[in-house]
Every structure is written in C-alpha cells, then in structure tokens.
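Fold and geometry: a report
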Number of protein chains: 2
Amino acid sequence: MASPKQDGRAGLRMADRVYEEIRREIVGGRLAPGEKITEAVLAERFGASRTPVRSAIVRLAGDGFVDMTPHSGTVVKHRTQGEVSEIYEVRALLESTAAGLAAQRRDQRDLDELEELQRGMEAASGLSWEADEAGVERVSALNQAFHRRILAASRNVTLAESAARLMNIGFLINTYARFSRQEFERSLFEHRQLIAALVSRDPAWAEAVMRAHILGARNSLAAEQ
Amino acid sequence: MASPKQDGRAGLRMADRVYEEIRREIVGGRLAPGEKITEAVLAERFGASRTPVRSAIVRLAGDGFVDMTPHSGTVVKHRTQGEVSEIYEVRALLESTAAGLAAQRRDQRDLDELEELQRGMEAASGLSWEADEAGVERVSALNQAFHRRILAASRNVTLAESAARLMNIGFLINTYARFSRQEFERSLFEHRQLIAALVSRDPAWAEAVMRAHILGARNSLAAEQ
DNA sequence: AGCCCTGAAATTGTATCCAACGAGGCGAAA
DNA sequence: TTTCGCCTCGTTGGATACAATTTCAGGGCT
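All chains use their own residue numbering, which begins from 1 and follows the written sequence. As they are written, the chains are lettered A onward and the ligands numbered 1 onward, keeping that order. Two thresholds apply to this predicted model, a pLDDT of at least 70 for residue-level local features and 80 or more for giving and counting side-chain atom pairs, whereas whole-chain, interface and lining totals are computed over all residues. Hydrogens and water molecules were not included; the side-chain quantities draw on all heavy atoms of the structure.

Focus on the domain arrangement of chain A
Here chain A is described as being made up of domain 1 (14-76) and domain 2 (81-224). Domain extents, as shown, originate in an automatic or database domain assignment. Measuring from the centre of the C-alpha atoms in domain 1 of chain A to the corresponding centre in domain 2 of chain A gives 28 Å.

Description of the protein's contact with DNA strand C
Taken together, 19 residues lie around DNA strand C, and A:Met14, A:Ser49, A:Thr51, B:Arg50 and B:Arg54 are the ones closest in. In these notes, residues near a molecule or strand are those with any non-hydrogen atom within 4 Å of it. Considering the 4 Å shell around the protein, atoms of DNA strand C inside it are sugar or phosphate in 67% of instances. By the criterion applied in these results, polar contacts are pairs of N or O atoms within 3.5 Å in which, for protein atoms, one can donate a hydrogen and the other can accept it, and in which residues neighboring in sequence qualify only through two side-chain atoms. In the model, a phosphate oxygen of DNA strand C is placed 3.3 Å from a nitrogen or oxygen of the A:Arg13 side chain. At 2.8 Å from a base nitrogen of DNA strand C is found a side-chain nitrogen or oxygen belonging to A:Thr51. Broken down by secondary-structure element, the contributors of at least two residues to the surface near DNA strand C are α1 (14-27) and α3 (50-62) of chain A together with α3 (50-62) of chain B. Charged residues are taken to be Asp, Glu, Lys and Arg, nonpolar residues to be Ala, Val, Leu, Ile, Met, Phe, Trp, Tyr, Cys and Pro, and polar residues to be all remaining types, Gly included. Grouping the constituent residues of the surface near DNA strand C by class yields 8 nonpolar, 6 polar and 5 charged. Each helix corresponds to a stretch of at least 4 residues labelled H or I by DSSP, and each strand to a stretch of at least 2 residues labelled E; elements are numbered beginning at the N terminus.

Digging into the layout of surface pockets
For each structure, a 1 Å grid was placed over the protein atoms alone; sets of points admitting a 1.4 Å probe that cannot get out are labelled cavities, open sets with protein on both sides within 12 Å along at least five of seven lines are labelled pockets, and lining residues have an atom within 4 Å of a point. Grid points are joined across faces, edges and corners, and a volume is the space filled by probe spheres set on the points. Reported here for the second largest pocket is a volume of approximately 1,100 Å³. Along the wall of the second largest pocket there are 42 residues; nearest its centre are A:Arg59, A:Asp63, A:Arg165, B:Ala61 and B:Gly62. Contributions of two or more residues to the lining of the second largest pocket are made by α1, α3 and α7 (157-169) of chain A together with α3, β2 (66-69), α4 (81-105) and α7 (157-169) of chain B. Residue contributions to the lining of the second largest pocket peak at 8 residues, all from α7(A). For the lining of the second largest pocket, the residue count by class is 16 nonpolar, 8 polar and 18 charged.

Quick word on the side chain of B:Ser220
All names here are of chain B. Structurally, serine 220 can be placed in helix α10 (residues 203-224). At 3.3 Å, the side chain of serine 220 and the side chain of arginine 186 are in polar contact. Contacts are assigned to residue pairs that have any heavy atoms within 4.5 Å of one another. Those residues in contact with serine 220, other than ones at most four positions away along the chain, are Glu183 and Arg186.

Shown next as structure tokens:
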C-alpha cells in the first residue's frame, strides 16, 4: 500500500488506531455480536498490513470484546442477557465500594470536576432523545467520565481498573441509547445525590446510591428485553 | 531457524507457549520487576521468530504483567507495596462476595472437589518449608485451584474472571513462598472453615471467612516488608 | 565543567511472504 | 438419497525483511 503516514495524528501506532477504531465500532454497536472479523479486510480498510491489525485483535480478545479461535477466525463476542446482568452486578459491587472510598478521600478538585461533568449532562436535557445520535453519544461519554471520576477519587487504582474494564465491555453507549428519557432523568438525579454524598463525606450514603444507580440501570435494561 | 515443530505438545500455538512460559517466569519471580524484555532474545530462546513472541508480549501487557512503551521496550511491571495491598483488598471484596454466592449455589460436586484439593494441601503439611521448592510451588497451585473452585461455585462468570485476573497478577507463588509454616497452617484452617460454611449453606459466614482469609494474607505480606 | 547537538547502534513497529490448519463443496459408495 | 471421505480454497499462524524511532555515546560549544 505504501502510505506511511495516513493519519495526521502523529505518534500513534497503527495498531493502536486500529484497536481504538474497532473497539468503538463494537461498543457503538456498528459491529454486531457474532459478526466475523477478517484480518485482511480490516487491513485493507485501514490501509495497513495484517500485522498491526492482528496485534489490535489480540488486545481486543484480551479485553473480552472478541473471541479468537485458532485458525478459524475472530468474531465479536456475544453476551447473553444473563452475562450482561452479571457485569452490572459486579460493577455495582466495585463501584459502590469505590464511591464509599471516594466519599472519604475526595478533594475539592474531584468535586469540581464532577460538578462540571454533571452540568454537561444536564445541558443535554433538551436534546431530542430519539433523533440526535451524536447527542446521545456525547451524553454517554459524559456519563462514563462521571463514573471514572468517582473511581479515580477512590484513590484505589486496582479497584478503578477492574471496574473500568467492566464498564468498557458493558457496551455503555449501546445501552444508553436504549434508555428512555425517563431513565436518563432518573440517572441525572442519582448523580446529583452521589455528588451530595461526596460533598458531605458520607460513605454509606454514597455506596448505597451508587449501588442503587447501577442495579437500577441493570433492571431497566433487563425489562426491555 | 527452520524448526517447524520443536515441541511435542501439538495443538498449541507458539504464541501461547511463549505467553505461558513468560507468565510463569514472572509469577514465579524468575523475572524480576523492572527487568527488560527483548523480543529478539526471547525469540532465540524459544527457537521461534519475533512474531509469536510479540503477540505473547502484547497479551502479557493486556493482563498487566508487563509495561510496553512504544519504540522503547517492555519491562516487567513493578508494583509498589501499596499496589499489592490494593490487589488483595479488591480480591477480598470480589472473592468474599463469590464465597457468599457459592454458599447458596454450590452443589455436591463443588464440595467434593474442594475436599479433594484441601486433602492435597494437607498432605503437604510434612514438607520442608524452606528447602522443597517444587513442593511449595505445588502447594501454591493447589491453593489457587481452591480459590478458583469457589469462584466457579459462585456461578457468576464475570465475578470469577475479575477475581482470577487479580489472583494472577498477585504473584501468588512468590508470595506463598514467603509464607511461613505458621501462615500456611492458618491458611489450611481457614480453608476448612470455608468448606464448613459452604456445607452448611451459610453465606454470611462464608463471606466473612473469605474476607478474613485474604485480608489476613495481605497483612502477613505487608508485615514482612 | 556542564550542556546540547549529532550520529550510529540497538530495538521496536510494519510489511510481505510462506506454511499450516479449518470449512465447505463435490463426488463416490452404501 | 444419504453419508463418508477427499480436495480445494480461504484464513490464520509464523518467518523474514525492511522502516522508523529511541537511546546513548562522543564531540563540540557555551
């Protein structure tokens, strides 16, 4: 192909770009579960060789996004509703613990940034929920950032990483897109409560709100399907 | 090079063999944290090319065993004592929850296999703790299997995988080798209690024992360093 | 003396080529 | 007609060749 530097964003390895792009496509639902992934096809699509594509796929497999079977191929991992519920349950366990720690350890910066993110989400209240695809995706990104900020405020990197891994494979964007406006507003309200619990340094409250928040989301999801 | 099938164990990809071997060397402490990993060196040691070695390293990085920095190289990940403590704390959280679930959901097979593993560990009571390297490693493997069995009995695959990941990077063999005979016997006793809790289907008891078991191990470790 | 610049060596990242394996189709025999 | 076996093809796994980047030593400059 001989196009050494196709993308302007320098410094990024081709393998990383491929990884990120495929990941986004899976999380965003553009690549359906069960769909086959062929190295040569992707290589051509990215104007790269199979080598970095392969590297990206190995990483995706390690992160639980795809299933690789030797000499046979790679498919987007399928998850049953039960597995998705499990993911939410473990997230509830980890993130509620993190929220409790965060209530004890947060500093002013944490609170400021959470407020900022919350304002961003509230600003999206007026968007047309079914039509505005990009808007929904932005809200979802803010939601993820909010959760990550609380994980960071727990000051426990291991806890944060374990939870973040589950958030990723939880296909958040996809699930968020399915949320109704009502669910979204409940979510906003619970985030507000979370901030309040952190402000007043109340670990038990923060923990309970986070658990309720995540298990509630799980149930909304389960009810739809 | 040109030695297409060096190892008799067929069916295994070269990349998998390299992955497993490096992983064992890191977990076993034969590769020290901070040590540099050079692809070409490993490739020669395994009589392979750099391609499968590189694939293995990417996986190891994904699993948190090594740090890859672009164009610079790969080093065995260093963990501070604080990080190791964190790992044990999150393990305590996940595995105690799993133990509680296991107490409710276990069947007779689970109990039988746990008994079997426990007998195996008890049989090692007579080994010379400082001299018998292989013996210690076997005990460590049995211990890991015991914990994995309880995770499996929780019937929550997500929970089990999250915990297993942390067990792996906890460098169990290494830590176990540092355990004194006294620690080992305390461990045996707690495993017995765990089985009793599962037999009597007592989730709260199982949960508490597991939490105490893991946090105790963390403290023994912290006290040494 | 200390610092920066430069260049060569070492090492990683990517491309291409070859080998091995699995999937599916076709044909022959029961 | 159905089923077993073989064969071809497509795809992945691995080897080798090449390009790009970092690192570090050494020399010149401030």
